[in-house]
Amino acid sequence: MDILNLIITIIGGTSLALGSLAVIFGALGLLRLSDVYQRMHGAGILDTGGAGLILFGLLLLSPDWTVSVRIVLIGFLLVFTSPTATHAIARAASMAGIKPILAPKPRKNKEESE
Amino acid sequence: MSIQIMLTASLIALGIAVLIAFVRAALGPTAFDRALAVNSIGTIAVLAICVHGYWAGRPEFLDIALLYALINFIGTIAVLKFFRFGTLGDHLSSEHAIGHPSEDDQKSEKK
């Protein structure tokens, strides 16, 4: 029973560390990418990977079942609301006439060589 | 004890992420960049409140995190609606919208 507790604590701590890394990488993507639609990719990493892993780690570390219920509720709420908010931002940006940065068209030289 | 160190490190990482997202919210060229960054800051704040509740040994903070997640979503939708229509309530027209060239501007550009 003691070993089981230790294993659960180790998995929870590792999940917390990975979630913190995902949150930092998502924030870096939010800072460094070059377009609204590309920055949404960083926000998506932050919302899914970071929040999911950190909440999973806290769920494993929870001391009581009422705490677990609240963690699961927060997880459900974030899973349902953050993609909706990101989609609303993308739709508003698209309707405001912001064009996404597309890849440049392939040159004719490549087609000739192929 | 070691899990306390892990929680402290997680709190520090969340603080750094809030700072990075705040730089994007301050720099953001369009209003939608700022809305996206503020939404991300809200998500990070929810996570930070949860981790802080564990760190302080007071899981009552999770209720506050639940409320903050709800208010964050509704606030983002309200701000986007304000961008689109210029008001939040009665007169829903896109005349005052940010980023929408109104018809008068288009006519004057054509002239």
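Residues numbered from 1 in each chain as written. Chains lettered and ligands numbered in written order. Predicted model: local features only at pLDDT ≥ 70, side-chain atom pairs only at ≥ 80, totals over all residues.

Points about the overall build of chain A
Thought 1: Helix and strand counts for chain A come out as four helices and zero strands.
Thought 2: The C-alpha atoms of chain A give a radius of gyration of 20 Å, which is well past the 13 Å a tight globule of 114 residues would have.
Thought 3: Projecting the C-alpha coordinates of chain A onto the three principal axes gives extents of approximately 70 × 35 × 25 Å.
Thought 4: The buried share among the 114 residues of chain A stands at 32%.
Thought 5: Here the analysis covers contacts within chain A between residues at least 6 apart in sequence; of these, 60% occur between residues at least 24 apart. (Helix = DSSP H or I, 4+ residues; strand = E, 2+ residues; numbered from the N terminus. Rg over C-alpha atoms; globule rule 2.2 N^0.38 Å. Buried ≥ 20, exposed ≤ 12 C-beta atoms within 10 Å, placed from the backbone. Contact = placed C-beta atoms within 7 Å.)

Some details on the nonpolar core
Thought 1: Counting residues in hydrophobic clusters, the biggest one holds 49 residues, and the most contacted among them are Ile74(A), Leu47(B) and Cys50(B).
Thought 2: Broken down by secondary-structure element, the contributors of at least two residues to this core are α1 (2-32), α2 (36-60) and α3 (65-95) of chain A together with α1 (2-27), α2 (31-55) and α3 (61-85) of chain B.
Thought 3: With 13 residues, the top contributor of residues to this core is α2(B).
Thought 4: In this structure Cys50(B) touches Leu58(A), Ile74(A), Leu62(B) and Ala65(B), once residues within four positions along its chain are discounted. (Core = buried A, V, L, I, M, F, W, Y, C linked by C-beta atoms within 7 Å.)

Some points on the environment of Ala35(B)
Thought 1: Its location among the elements puts Ala35(B) in helix α2.
Thought 2: Look at Ala35(B) and you get buried, because 24 C-beta atoms sit within 10 Å.
Thought 3: When the C-alpha atoms of Ala35(B) and Thr76(B) are compared, they prove to be 6.9 Å apart, with 41 residues separating the residues in sequence.
Thought 4: Apart from residues lying up to four places away in sequence, Ala35(B) is in contact with Ile89(A), Thr76(B), Val79(B) and Leu80(B).

Topic: the interface of chain A and chain B
Thought 1: In this assembly, 39 residues from chain A lie in contact with 42 residues from chain B.
Thought 2: The set of elements that each furnish at least two residues to the side of chain A that touches chain B consists of α1, α2 and α3 of chain A.
Thought 3: Looking at the side of chain A that touches chain B, the element that brings in the most residues is α3(A), giving 14 residues.
Thought 4: The class makeup of the residues in the side of chain A that touches chain B is 29 nonpolar, seven polar and three charged. (Nonpolar A, V, L, I, M, F, W, Y, C, P; charged D, E, K, R; others polar.)

Focus: the packing of α3(A) against α3(B)
Thought 1: Look at α3(A) against α3(B): their axes get within 9 Å of each other, and the N-to-C directions meet at 10°. Classified by the interaxial angle, the pair formed by α3(A) and α3(B) is roughly parallel. In this structure, α3(A) contributes Val67(A), Arg70(A), Ile71(A), Leu73(A), Ile74(A), Leu77(A), Leu78(A), Thr81(A), Ala85(A), Ala88(A), Ile89(A) and Ala92(A) to the contact, and α3(B) contributes Leu62(B), Asp63(B), Ala65(B), Leu66(B), Ala69(B), Leu70(B), Phe73(B), Thr76(B), Ile77(B), Leu80(B), Phe83(B) and Arg84(B).
Thought 2: The residue makeup of the contact of α3(A) with α3(B), split by class, is 19 nonpolar, two polar and three charged. (Axes fitted to C-alpha atoms, helices over the stretch in contact; angles between N-to-C directions. Parallel < 35°, antiparallel > 145°, perpendicular 65-115°, else oblique.)

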